[in-house]
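Descriptive analysis of the structure
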Amino acid sequence: DVDAGEAGGDEAAASFLAERKKALAERRAATDGEFAAEAEADRAALEGHRSGLYVRVRLEGVPADFVKTRDARRPVILGGLLPHEATPPGLVTARVRRHRWHGKVLKARDPVVFSCGWRRFQSAPLYSLEDERQTRCRYLKYTPEHMHCGAHFVGFGVAPNTPLVGFHSLGRDCASFRVCLVGVVVRQETLSPVVKKLKLCGAPYRVEKNTAFVDGMFTSALEAAKFEGAAIKTVSGIRGSVKKAVREDASAAAKRAGAPSGRAGAFRATFEDKVLLSDIVVCRLWVPVEPPAACVAVRNLLEPFADASSGRGLARTVADLRRATRTPIPVAKDSLYKGPVVRAPRTFSKHLIPKKLVARLPFASKPKDETAPRSTKRPGYLKQRDDARTGLAPREAPEDRASKKLVHQLEAVRNEKKRIRDASVAAKKAVRRRDLAKVDASRARASKLKAKAEHKRAGKDEARKRAKFSAGD
């Protein structure tokens, strides 16, 4: 059945093609019959040049190198540009992916030769990927392995949905596959939609309750004023906002207050809770990224045929330049791993409660541990218990107190669970009693109606018997 269906489809396609060829032949015969008496020049003036005729085209403004380096082995294709394709270079957004045969992922800002429409040009694209909400295009340093991404580059005008191909090199001695990406043009834009994350870090140098003065995040008071109202957050998770920039120069005022850097750009901020001087304040931002304004037309037709694929006059990647000049990759010593970082443990001072405040507290709320204030006149009660000469009960060990406390906590949890369980059982019993009361009331009503009907029937029988007895007498 499948073979019969395929054969039927092939026959239908063949018949359709035969009909189209027959219609074209009839139209060509009618045209030839109409212009049979006309000269060839008059016919060309009326209907234009037909397919298959040799024509002579005059080109103006052609460089002299094109004529000098002309080679018959290299055919030339003549085409025309539409009005929107003759515009100056602008920002083009495309949807591309790495070619499966290209061995490496593509890096942003690396030069790529694009073949799109009638033009070939070299540009340095940026790659991006839309987030889940499709609200922003996040900057990518490298293209994904096996999925599409956005490419933004400066190129000539081209219509949307136009296919494009990218080459990383035009040389014939390329060891890998030259086609590095394929895709389609999506749209032309005026501004770059690519953004990337930026974190501005600062440190507070003065803290007053929930207000803090932060320095080191901005470089000038004007820059800090532009960020008034921006959301900030500490590394410990305390949220806040920028309130106002410090008008005085940080080198004079902030440095007197203890600013770490002493540069201008300090500001006043408020937080949900009191921050520490050791906290780090972070402001998260999205910064737009512009693609390099590079768009070089490929003019290898002006070179000899042997040098046409050398890529002379085109930009090369940094890796190609280092490989050509045998320049080693620079290594920054600050970027190397230095092993585990050893930090000294932080020690916090004990929290001391004033004696006057302790005196006004109830006994249950008074501190009874090491934080309680000590009297300088006589030893405390716990110290007296430690002394065997006082005759007081010895002080319990911390382990015993902790175990007793744990037992009390477990008993409290058990009692609370029992209370919740008893309350649930009591609620269920109340619902059960209410349902049973409804059932009993319904049964009582039914029994009352049944007894009433029985008494009524018995009364009627008694009346019938009496009437019969009276009639017999």
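This text goes with the structure placed above it.
Scope of this entry: the structure provided in the associated data block. (Residues numbered from 1 in each chain as written. Predicted model: local features only at pLDDT ≥ 70, side-chain atom pairs only at ≥ 80, totals over all residues. Heavy atoms only, no water.)

1. Concerning the overall build of the chain
- In terms of regular secondary structure, the chain is built from nine helices and 15 strands.
- When each of the 473 residues of the chain is scored for burial, the buried share is 22%.
- Within the chain, contacts between residues separated by at least 24 positions form 67% of all contacts whose residues are at least 6 apart in sequence.
- Of the roughly 35,900 Å² of accessible surface on the chain, 56% is carried by carbon and sulfur atoms. (Helix = DSSP H or I, 4+ residues; strand = E, 2+ residues; numbered from the N terminus. Buried < 20%, exposed > 50% of the residue type's maximum accessible area, 1.4 Å probe, protein only. Contact = heavy atoms within 4.5 Å. Areas by Shrake-Rupley, 256 points an atom, 1.4 Å probe, with all protein chains shown as cover.)

2. As for the pattern of salt bridges
- In the structure shown here, the tally under the stated rule is 13 salt bridges.
- Glu454 is paired through a salt bridge with Arg457; the nearest N and O atoms lie 2.2 Å apart. In this pair, Glu454 and Arg457 are both assigned in helix H9 (residues 398–472), three residues apart and thus about one turn of the helix distant.
- A residue is classified by how much of its surface remains accessible, and Glu454, at 42% relative accessible area, is partly exposed.
- Among the ionic contacts, a cluster of salt bridges with common partners joins Glu454, Arg457, Asp461 and Arg464. (Salt bridge = Lys/Arg side-chain N within 4 Å of Asp/Glu carboxyl O.)

3. Description of the packing of aromatic side chains
- Across all of its chains, the model carries eight aromatic pairs by this definition.
- Judged by centre distance (4.2 Å) and plane angle (15 degrees), the rings of Phe114 and Phe153 are stacked. With a gap of 39 residues between them, Phe114 in strand S2 (residues 112–116) and Phe153 in strand S6 (residues 149–155) connect regions that are remote in the sequence. When sorted by exposure, Phe114 lands in the same class as Phe153, which is buried. (Phe/Tyr/Trp six-rings, centres within 6.5 Å; stacked < 30°, edge-to-face > 60°.)

4. Here we look at the side chain of Ser128
- Among the secondary structure elements, Ser128 is positioned in strand S4 (residues 126–130).
- For Ser128, the side chain forms a polar contact with the side chain of His152, separated by 2.7 Å.
- Setting aside chain neighbours within four positions, we find Ser128 in contact with Cys137, Arg138, Leu140, Cys149, Gly150, His152 and Val194. (Polar contact = N/O pair within 3.5 Å; in protein donor to acceptor, adjacent residues only side chain to side chain.)

5. Topic: the nonpolar core
- Of all hydrophobic cores here, the largest spans 23 residues; its most connected members are Val96, Phe114, Tyr127, Phe153, Leu164 and Leu181.
- Those elements giving two or more residues to this core turn out to be strand S1 (90–98), S2, S4, S6 and strand S8 (179–189).
- Residues within four places of Leu181 in sequence aside, it is in contact with Val96, Arg97, Arg98, His99, Leu106, Val112, Phe114, Tyr127, Leu164, Val165 and Gly166. (Core = buried A, V, L, I, M, F, W, Y, C linked by side-chain atoms within 4.5 Å.)

6. Some details on the pairing of S8
- Looking at chain direction, S1 and S8 are connected through eight bridges and run antiparallel. Opposite Arg98, over in S8, you have Leu181 as the bridge partner. (Pairing = 2+ DSSP bridges.)

7. A word on the environment of Asp273
- Summarising the element assignment, Asp273 is placed in the loop between strand S13 (267–271) and strand S14 (281–288).
- According to the relative accessible area criterion, Asp273 is partly exposed, its value standing at 46%.
- Considered as a pair, Asp273 and Thr211 are 62 residues apart in the sequence and their alpha carbons are 8.7 Å apart.

8. Structural notes on a positive patch on the surface
- Taken together, Arg138, Lys197, Lys199, Lys233 and Arg284 make up a surface patch of like positive charges.
- Within the fold, Arg284 resides in strand S14. (Patch = residues over 30% accessible without salt bridge, like charges linked within 9 Å, V, L, I, M, F, W, Y side chains within 5 Å. Lys, Arg positive; Asp, Glu negative; His and termini not counted. Charge placed at Lys NZ, Arg CZ, Asp CG, Glu CD.)

9. Quick look at the side chain of Thr143
- In this structure, Thr143 sits in the loop between strand S5 (137–140) and S6.
- Setting aside residues up to four positions removed in sequence, Thr143 forms contacts with Arg98, Val105, Leu106, Tyr127 and Cys149.

10. Let's talk about unusual backbone geometry
- Residue Lys209 is not a glycine yet carries a positive backbone phi of 55 degrees.
- Structurally, the position occupied by Lys209 is in the loop between strand S9 (194–208) and strand S10 (211–215).
- Positive phi values are uncommon outside glycine, yet Arg326 reaches one of about 55 degrees.
- Looking at where Arg326 falls in the secondary structure, it is placed in the loop between helix H6 (318–325) and helix H7 (355–360).
- According to the relative accessible area criterion, Arg326 is exposed, its value standing at 76%.

11. A closer look at the pairing of S5
- Sheet topology note: the S4/S5 ladder contains four bridges and is antiparallel. Looking at the pairing, Tyr127 lines up with Leu140 of S5.
- Alignment of S5 against S9, held across two bridges, turns out to be parallel. Following the sheet pairing, Arg138 is matched in S9 by Val195.

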